[in-house]
Amino acid sequence: MMKRVTDSVFYVGVNDHEVDLFEGQYVVPNGMAYNSYVIIDDKIAVMDTVDQHKSDLWLANIDDVLDGRTPDYLVVQHMEPDHAGSIEAFVNKYPNVTLVGQCKTFIIMQQFFPNMKLENTLEVYEGDTLTLGAHTLHFVYAPMVHWPEVLMTYDDADKILFSADGFGKFGALDVEEEWAPEARRYYIGIVGKYGKQVQNVLKKAAGLDIATICPLHGPVLTENLGYYLNLYDIWSSYRPEQEGVCVCYTSVYGHTKAAVELLCQELEKNGAPVVKCFDLARDDMAEAVSCAFCYDKLVLATTTYNAEVYPFMRTFLDHLTERNFQNRTIAFVENGSWAPQAGKIMKKTFENSKDMMFAKNNVTILSALNAETTQKITDLAKELSASYRAADCVEENKVDPTALFKIGYGLYVVTSNDGKRDNGFICNTVTQLTDQPFRIAVNINKQNYSCETIAKTGVLNVCTLSQDAPFKVFQQFGFQSGRDVDKFASFTHTHRSSNGLQFMTKYANGYISAKVISTVDLGTHTMFICDVTESAVLSERETMTYNYYQSDVKPKPDTDKKGFVCNICGYIYEGDELPEDFICPLCKHGVSDFSPL
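Residues numbered from 1 in each chain as written. Predicted model: local features only at pLDDT ≥ 70, side-chain atom pairs only at ≥ 80, totals over all residues. Heavy atoms only, no water.

Engineer: Give me the overall build of the protein: which residues, what numbers.
Structural biologist: Within the protein, the secondary structure is distributed over 15 helices and 35 strands. Each of the three principal axes of the protein carries a C-alpha extent, and together these read 85 × 65 × 50 Å. Residues classed as buried in the protein amount to 55% of the 597 residues present. At a minimum sequence separation of 6, the contacts of the protein that also span at least 24 residues come to 68%. Summed over its atoms, the accessible surface of the protein is roughly 25,600 Å², and 48% of this surface lies on carbon and sulfur atoms. Within the protein, one finds 52 positive and 78 negative side-chain charges whose respective centroids are separated by 6 Å. (Helix = DSSP H or I, 4+ residues; strand = E, 2+ residues; numbered from the N terminus. Buried < 20%, exposed > 50% of the residue type's maximum accessible area, 1.4 Å probe, protein only. Contact = heavy atoms within 4.5 Å. Areas by Shrake-Rupley, 256 points an atom, 1.4 Å probe, with all protein chains shown as cover. Lys, Arg positive; Asp, Glu negative; His and termini not counted. Charge placed at Lys NZ, Arg CZ, Asp CG, Glu CD.)

Dropping the structure here:
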């Protein structure tokens with residue numbers, strides 16, 4: 001298949017409907033596309049080859065484009081055989097061609113083609129260029145995306161990024177299908193382990209003026225490139241792509257399956273926006289892995305088998321951890337007739353995974369569901385759906401009175417917006433005043449930027465922190481000023497209430513939207529008396545109290561240093577004496593809240 005990409009760049013790739021398993025493991029019902037391109041200029045460059053089973057068709061496509069001319073260069077961006085399998089056939093046909101690649105390219109090439117003489121080669125490095133005439137190719141290293149020798153190439157004439165395996169997907173090009181599902185399954189399965197490396201390449205791509213992306217699998221991308229780049233940013237930073245629950249299970253005699261079916265029904269009843277369910281013994285494993293990375297919550301349900309988890313579940317867990325699964329909420333349902341172990345084993349699998357939250361209402365079934373475990377399934381569904389029900393409160397301007405029960409002598413993130421960006425700070429002075437109407441008081445130090453912002457705008461949100469909130473939350477919202485930084489820039493677990501302000505959907509068990517009706521000057525602080533306009537419970541996790549923060553969250557000071565530590569935020573003032581007028585630069589508290597190290 002030959003078609004024009006631009007006036008001087010041509011697609012000469014091939015479709016393969018004979019392959020049933022890509023890389024020997026991924027089901028490809030719609031086949032695969034092996035992409036290759038030809039740049040026609042004073043010099044002619046061919047960009048990659050195709051699988052050796054399609055060499056003849058590919059060489060015929062090239063002949064059609066060349067119209068009697070001879071190629072000068074073969075740029076080898078990736079040595080995996082689905083792209084490099086026809087190199088020897090190409091060199092045999094065009095013996096004077098120069099092979100272009102990085103140093104590792106030629107080492108691997110000699111391994112695949114031990115009888116091929118590498119006579120005409122051009123070794124390129126990061127930032128090197130190759131001029132063809134009007135077209136200049138700029139070479140970009142992309143190691144471990146997903147092999148160590150990978151190059152990407154930028155053509156500055158037509159603003160094309162030849163992206164190797166990046167932005168590829170399963171499926172031949174003569175089949176119409178949505179891009180994202182098969183691109184996600186392809187990315188998570190093949191490239192997913194190397195998110196850090198993909199992030200590095202995305203940073204390089206951000207400095208290029210890209211009009212077209214030409215990958216080695218899937219369609220040429222020419223419109224709405226921000227959509228594709230954004231998805232790659234989400235996937236490679238291991239953030240959930242959508243809100244929803246992925247439920248993956250194994251079942252021997254149907255009892256675990258019955259529990260899962262009940263859970264899915266309860267999740268939908270409680271407002272989960274999407275519920276996807278996979279039988280790991282029967283459904284496509286790669287699709288289940290892709291789905292687990294897509295949604296923000298995952299339920300794992302399995303039987304105890306030989307004092308371990310059922311084999312298909314073990315395989316699934318290995319797929320997740322191998323690909324750095326992180327930043328999700330996970331719930332466990334285990335089944336066992338005499339010694340259930342699966343839940344403990346599954347949880348231990350994620351002990352080294354980052355930013356994981358585990359459900360409180362995990363379920364242990366002894367053989368089959370009974371009244372007690374049926375209720376626990378219902379409780380688990382309510383817990384997992386709590387943050388989704390909060391979205392309903394936003395839409396309906398609804399006040400859930402139980403959200404106010406979360407208020408104690410706790411710690412909160414109070415959010416606001418100055419008209420330009422969102423802001424938030426750590427607060428420990430939120431109090432419910434009345435319940436007819438629902439009214440609260442929030443005391444804020446006048447030195448806090450939020451005090452100034454809320455005084456001007458008259459609206460605020462209170463996020464009730466839960467005990468799973470790590471110290472980094474306090475660093476982010478409490479140890480720096482909103483005058484200087486965007487506190488929400490790197491915190492993605494948020495939603496907007498109907499007043500337009502952010503509230504946290506992670507590390508908080510409830511939120512309250514409030515409108516200021518009066519203020520009281522307390523000298524160093526301003527008390528904002530507010531009517532509650534909207535509120536919701538986000539989870540049933542325990543509220544983060546001030547004592548819990550001090551004993552279990554705040555790092556213990558380094559007692560080898562000489563100085564004083566702030567009892568509020570942990571800031572350390574180094575020195576033999578603490579000035580009487582010293583104010584903590586982080587939390588704005590005075591010397592009375594400092595203790596000697």
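Engineer: Please give an account of empty space enclosed by the protein that cites residues and values.
Structural biologist: Tallying each qualifying case throughout the model produces three cavities of 30 Å³ or more. Taken as a whole, the largest cavity spans an internal volume of roughly 80 Å³. Together, V145, M152, L161, G166, F167, V198, V201, L202, A205, L229 and Y232 line the largest cavity. Counting residues per element, the lining of the largest cavity draws most heavily on helix 6 (residues 195-205), at four residues. (1 Å grid on protein atoms, 1.4 Å probe; cavity = no way out; pocket = protein on both sides within 12 Å on 5 of 7 lines; lining within 4 Å. Points joined across faces, edges and corners; volume = space filled by probe spheres on them.)

Engineer: Tell me what's going on with the pairing of strand 19 (residues 295-305), and back it up with residues and numbers.
Structural biologist: Among the eleven residues of strand 19, ten are classified as buried, and the element is accordingly described as predominantly covered. Relative to strand 19, strand 17 (residues 242-249) runs parallel, the two being bridged by six bridges. From the neighbouring strand, V247 faces strand 19, where its bridge partner is V299. Note that strand 19 and strand 21 (residues 329-335) share seven bridges and pair parallel. The residue of strand 21 that forms the bridge with A301 is V333. The hairpin turn running from strand 19 into strand 20 (residues 308-309), its antiparallel successor, is two residues long, and N306 in that turn takes a positive phi close to 55°. (Pairing = 2+ DSSP bridges.)

Engineer: Give me helix 9 (residues 285-294): which residues, what numbers.
Structural biologist: With nine of its ten residues buried, helix 9 lies for the most part within the structure. By the burial criterion, the buried members of helix 9 are M285, A286, A288, V289, S290, C291, A292, F293 and C294. The elements touched by buried residues of helix 9 are strand 5 (26-27), helix 5 (179-191), strand 17, strand 18 (275-279), strand 19 and helix 10 (311-322). Measuring from the backbone nitrogen of A286 back to the side-chain oxygen at the start of helix 9 gives 3.3 Å, which picks out D284 as the cap. (Polar contact = N/O pair within 3.5 Å; in protein donor to acceptor, adjacent residues only side chain to side chain.)

Engineer: So what's going on with the packing of helix 10 against helix 11 (residues 342-349)? Residues and values would help.
Structural biologist: Remark: helix 10 packs on helix 11, axes separated minimally by 10 Å, with the N-to-C direction vectors making an angle of 20°. Judged by the angle between their axes, helix 10 and helix 11 are roughly parallel. For the element pair helix 10 and helix 11, the recorded crossing hand is right-handed. Taken together, the residues of helix 11 that come into contact with helix 10 (itself represented by M313, R314, L317 and T321) are I345, M346 and T349. Residues that form the contact of helix 10 with helix 11 fall into these classes: four nonpolar, two polar and one charged. (Axes fitted to C-alpha atoms, helices over the stretch in contact; angles between N-to-C directions. Parallel < 35°, antiparallel > 145°, perpendicular 65-115°, else oblique. Left-handed = near helix turned anticlockwise from the far one by under 90°. Nonpolar A, V, L, I, M, F, W, Y, C, P; charged D, E, K, R; others polar.)

Engineer: An account of the packing of aromatic side chains is needed here, citing residue identities and associated values.
Structural biologist: Within the structure shown, the criterion is met by 29 aromatic pairs. Taking the centre distance of 4.6 Å and the plane angle of 80° together, the rings of W179 and Y228 count as edge-to-face. Of the two residues, W179 sits in helix 5 while Y228 sits in helix 7 (residues 225-236), which places them 49 residues apart along the sequence. A residue is classified by how much of its surface remains accessible, and Y228, at 15% relative accessible area, is buried. With 5.0 Å between their ring centres and 65° between their planes, Y187 and Y232 make a pair best called edge-to-face. Separated by 45 residues along the polypeptide, Y187 in helix 5 and Y232 in helix 7 bring together distant segments of the chain. For the residue pair Y187 and Y232, the accessibility class agrees, reading buried in each case. K3 extends its terminal NZ or CZ atom over the ring of Y11, reaching a point 5.5 Å from the ring centre. (Phe/Tyr/Trp six-rings, centres within 6.5 Å; stacked < 30°, edge-to-face > 60°. Lys NZ or Arg CZ within 6 Å of the ring centre and 35° of its normal.)

Engineer: Any details on the packing of helix 6 against helix 7? Residues and values, ideally.
Structural biologist: With their axes 8 Å apart at the nearest point, helix 6 and helix 7 run at an angle of 145° to one another. Helix 6 and helix 7 meet at a crossing whose hand is left-handed. Contact with helix 6, carried on its side by G195, K196, V198, Q199 and L202, involves L229, Y232, D233 and S236 of helix 7 and no other residues of that element. For the contact of helix 6 with helix 7, the residue count by class is four nonpolar, three polar and two charged.

Engineer: Report on the pattern of salt bridges, specifying residues and quantitative values.
Structural biologist: Tallied over the entire structure, the rule returns 24 salt bridges. K159 is the salt-bridge partner of D209, the closest N and O atoms lying 2.8 Å from each other. In this pair, D209 sits in the loop between helix 6 and strand 16 (212-214) while K159 sits in the loop between strand 14 (151-155) and strand 15 (160-162), placing the two residues 50 residues apart along the sequence. K159 gets classed as partly exposed once you look at its relative accessible area, which sits at 34%. The salt bridge involving E241 is made with R184; its shortest N-O contact spans 2.8 Å. Note that E241 is positioned in the loop between helix 7 and strand 17 and R184 in helix 5, a separation of 57 residues in sequence. Of the two residues examined, E241 and R184, each falls in the buried class. Taken together, the shared-partner salt bridges connect E182, R185 and D284 into one network. (Salt bridge = Lys/Arg side-chain N within 4 Å of Asp/Glu carboxyl O.)

Engineer: Any details on unusual backbone geometry? Residues and values, ideally.
Structural biologist: Comment: phi is negative for the bulk of residues other than glycine, and the bulk of peptide bonds are trans. A cis geometry characterises the amide bond from V145 onward to H146, with omega recorded as 10°. Among the structural elements, H146 can be located in the loop between strand 13 (136-141) and strand 14. The residue D67 is not glycine, and still its phi comes out positive at about 50°. Residue placement: D67 occurs in the loop between helix 1 (55-66) and strand 9 (73-75).

Engineer: Before we move on, could you go through the sheet that holds strand 35 (residues 594-596) and cite the residues and values that matter?
Structural biologist: The strand order across the open sheet formed by three strands is 34-33-35, and the pairing between neighbours is antiparallel. Of all the strands in the sheet, the pair left with one neighbour each is strand 34 (572-574) and strand 35. In this sheet, neighbouring strand axes are inclined to one another by 25° on average, regardless of whether the strands run parallel or antiparallel. Inspection of the sheet shows strand 33 (residues 563-566) paired to strand 35 by three bridges, in the antiparallel sense.

Engineer: Tell me about the sheet that holds strand 8 (residues 45-47), residues and numbers included.
Structural biologist: What the seven strands build is an open sheet, ordered 1-2-7-8-9-10-11; its pairing is mixed. Here the strands that pair on one side only, and so sit at the sheet edges, are strand 1 (3-4) and strand 11 (121-123). Here strand 8 pairs with strand 9 via three bridges, running parallel. Bridging from a neighbouring strand, V46 pairs with L74 of strand 9. Contacts between helix 1 and the sheet are confined to strand 2 (9-11), strand 7 (37-39) and strand 8, with strand 7 contributing the most and set at about 25° to the helix.

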